[in-house]
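Residue strings, one per chain:
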Amino acid sequence: MNPDLIYFFQTLLNGLAVGSMYSMIAVGYSMVYCLLNRVNFAHGDLYVFGTFISFSMMQIFPIPAAILFACLLAGLIGMTIERTVYRPVRDAFRLVPMISALGAALVLRTIAQIVWGTEALAFPSLLPGGYLEIAGLKLFYKNFVIIGISLFIVIGLTCFMRYTKLGRATQCIVESLSTASLMGIPINRIIPLIYALGGFFGVVGGVAYSSYYGVVSMDMGIWGTIKAWAAVILGGVGTTYGAFIGGLILGLAETFASGYLSSAYKEAVGYIVIIAILMLKPTGLLGKKRIEKV
Amino acid sequence: MILSVENLWMYYGQVQALHDVSVYADEGEIVAVIGLNGAGKTTLLKTIMGQEKPASGKISFKGTSILGKSTNDIVKEGIALVPEGRQVFATLSVYDNLMAGAYIRNDNKEIQQDIEKYCKRFPILGERLNQRAGYMSGGEQQMLALARALMSRPKIMLLDEPSLGLAPVIIKEVYEIIEEIRKEGTTIFLVEQNAKRALSVSDRAYILVNGEITMSEKSETLLNNDAVRRAYLGV
Ligand SMILES: Nc1ncnc2c1ncn2[C@@H]1O[C@H](COP(=O)(O)OP(=O)(O)OP(=O)(O)O)[C@@H](O)[C@H]1O
Ligand SMILES: [Mg+2]
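Bear in mind that the values here come from a model prediction, so they are computed numbers and not experimental data.

Cut-offs used in this document
Residues numbered from 1 in each chain as written. Chains lettered and ligands numbered in written order. Predicted model: local features only at pLDDT ≥ 70, side-chain atom pairs only at ≥ 80, totals over all residues. Heavy atoms only, no water. Pairing = 2+ DSSP bridges. Helix = DSSP H or I, 4+ residues; strand = E, 2+ residues; numbered from the N terminus. Axes fitted to C-alpha atoms, helices over the stretch in contact; angles between N-to-C directions. Contact = heavy atoms within 4.5 Å. Donors = N, O, S within 2.8 Å, 3.2 Å for Na, K, Ca; no water. Buried < 20%, exposed > 50% of the residue type's maximum accessible area, 1.4 Å probe, protein only. Near = heavy atom within 4 Å. Polar contact = N/O pair within 3.5 Å; in protein donor to acceptor, adjacent residues only side chain to side chain. Nonpolar A, V, L, I, M, F, W, Y, C, P; charged D, E, K, R; others polar.

Q: So what exactly am I meant to see when it comes to the sheet that holds strand 10 (residues 212–218) of chain B here?
A: Adjacent strands of a sheet form backbone hydrogen bonds with each other and so pair up, either parallel or antiparallel. Residues and elements named next belong to chain B. Strand order in the open sheet made by the six strands is 6-7-8-3-9-10, with mixed pairing throughout. Where the open sheet ends on each side, the last strands, each with one partner, are strand 6 (79–82) and strand 10. Averaged over neighbouring strand pairs, the angle between their axes works out to 15° when direction is ignored. Contacts from helix 1 (residues 41–48) reach strand 3 (30–34), strand 6, strand 7 (156–160), strand 8 (187–192) and strand 9 (204–209), with the element oriented near 145° to strand 8. Where helix 7 (residues 168–183) meets the sheet, its contacts fall on strand 3, strand 7 and strand 8, and the angle it forms with strand 8 comes to roughly 150°.

This is the structure we're talking about:
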């Protein structure tokens, strides 16, 4: 095959894998974002905290058990954050929850730094190595595993939201808390679950990311918050698949920018794409809900 | 007496919104509360639904107090509110809105039968079943809001200005539906600025002025009361 074409497909596959990781971190974030209608500053630190937990647990327990434990723990912490940081200030001025969330983020970050130090740690590669070569094209297995997992999550979550009673109730809550409660929906019992899902799937994305790049560090926190937010804005607030598509586009744009221009443009191109799309369609590509100014 | 509110006082911070309000509804009645902008109509309904906390007073449903219960528990008791401005779930389909209304029920087969029933009664809902509720007109959204509230099979329905922002023909239709709902056994407690409609359909009515009930009479009597006619009917 033409080397240029090979390079193109190689970049495409990498971009899809990177985008899939953004998507995983973004889908859980998306629901919480809708609920709060503002950036959840605690999400980034929570998913990294969970990834660190899985890292430590892997030293003791079998890997699947370690990951599951970390995801569940992050879900639990997500619920705790809702209860302690968000619920008491639910009706306060919109900056207040943002600040109290920053407080929660700081607590998680400080604990992480005490336990795991401030340096990045080498994360075991849990993904299969090797590749399949077809006509000069190297199809890395790990890319397909990542894409597969994120597809599974987004399809699963979309079905959950559409076809289960709990999922439907969640959609109502996300659209309007007060109207949802008028339907008899117990909002204070369901909201913590939404936060739990956000934490749970955030850690799935975090573990995928860390094993893809072989590293886990606290810096992934702020990075994750920004990428997840960007993916959600890009794809459109209010739908699971919106966050998924947004993550994919962001990953593709960044990977192509660094593959064809220079890696220095990687971040910038991501944001140029966001601005361009928001100018054309203010609700995001697949958005249901208008994005409010933060 | 299916619903009774006694000596309700309610404040928003320093602002007094309800001043010693006592109202009730008997089973099968249509009761109206008439008041101008800012009289406290919405506040009264929100307080009954547990969405606002009163400073003092009693609220009971079928003889037992519901004061202090959460909104979702109050809905489970059998009270449904059609809120001001309809508040349909705009991004959800008409079908999903109706399903949301049936949240407290678990009899799936009957839920589907009810949806079919309301699609016949409100043909527009049947036509638009899979479209987003936000794309419907105000009148169509009002039909959806009514059907959605009925999906919970309430014993009493509270209506917050069902005629708000609707064309006269639609208002007429809405009020015909309200009468039908009562005929099927659901008690109606509605608040309105549109005194003419509300007084012609209701059995009894209250006049609410600045958070205070100033009159409580048979609706017919109020329709012929000079002060009421001047203040609310523009004659
Ligand atoms: N959330 C709030 N905070 C402070 N004051 C409020 C709030 N909601 C209502 N009020 C005030 O309480 C009073 C009663 O308001 P309410 O909305 O109950 O009136 P209403 O009769 O429903 O009016 P309208 O016909 O305009 O809907 C008004 O003076 C209003 O300004
Ligand atoms: Mg009102």
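Q: How should the coordination of the magnesium ion (ligand 2) be read in this particular structure?
A: For a metal with four tetrahedral donors the ideal donor-metal-donor angle is 109.5 degrees, whereas six octahedral donors ideally subtend 90 or 180 degrees. Residue and element names in this part refer to chain B. Surrounding the magnesium ion (ligand 2) are the protein donor atoms T42 (OG1) and E84 (OE), which sit 1.8 to 2.4 Å from the metal. You can see T42 sitting in helix 1 and its partner E84 sitting in the loop between strand 6 and helix 3 (94–101), a full 42 residues away along the chain. Owing to a relative accessible area of 31%, E84 belongs among the partly exposed residues under this scheme.

Q: Quick question: what am I supposed to make of unusual backbone geometry here?
A: Both trends apply: most residues other than glycine have a negative phi, and most peptide bonds are in trans. Residue and element names in this part refer to chain B. The phi torsion at R86 lies on the positive side, around 70°, for a residue other than glycine. Here R86 is to be found in the loop between strand 6 and helix 3. Classification of R86 by relative accessible area gives buried; the value is 11%. With a phi angle near 50°, R153 is a residue other than glycine that sits in the positive phi range.

Q: Just to check I follow, could you spell out the site of ligand 1 for this structure?
A: Residue and element names in this part refer to chain B. Residues in contact with ligand 1 amount to 13 residues; listed here are only the nearest, N37, K41, T42, T43 and E84. A distance of 3.5 Å is found between a nitrogen atom of ligand 1 and a side-chain nitrogen or oxygen belonging to Y12. Between an oxygen atom of ligand 1 and a side-chain N or O atom of K41, the distance comes to 2.7 Å. It is helix 1 that contributes the most residues to the shell around ligand 1, three residues altogether. Partitioning the shell around ligand 1 into residue classes produces four nonpolar, six polar and three charged.

Q: Please explain the environment of F140 of chain A as it appears in this structure.
A: Residue and element names in this part refer to chain A. Mapped onto the fold, F140 is located in strand 3 (residues 137–140). Judged by its relative accessible area of 29%, F140 falls in the partly exposed class. Separated by 10 residues in sequence, F140 and G130 have C-alpha atoms that sit 6.1 Å apart. Dropping the residues within four chain positions of it, F140 is found in contact with Q10, L13, G130 and Y131.

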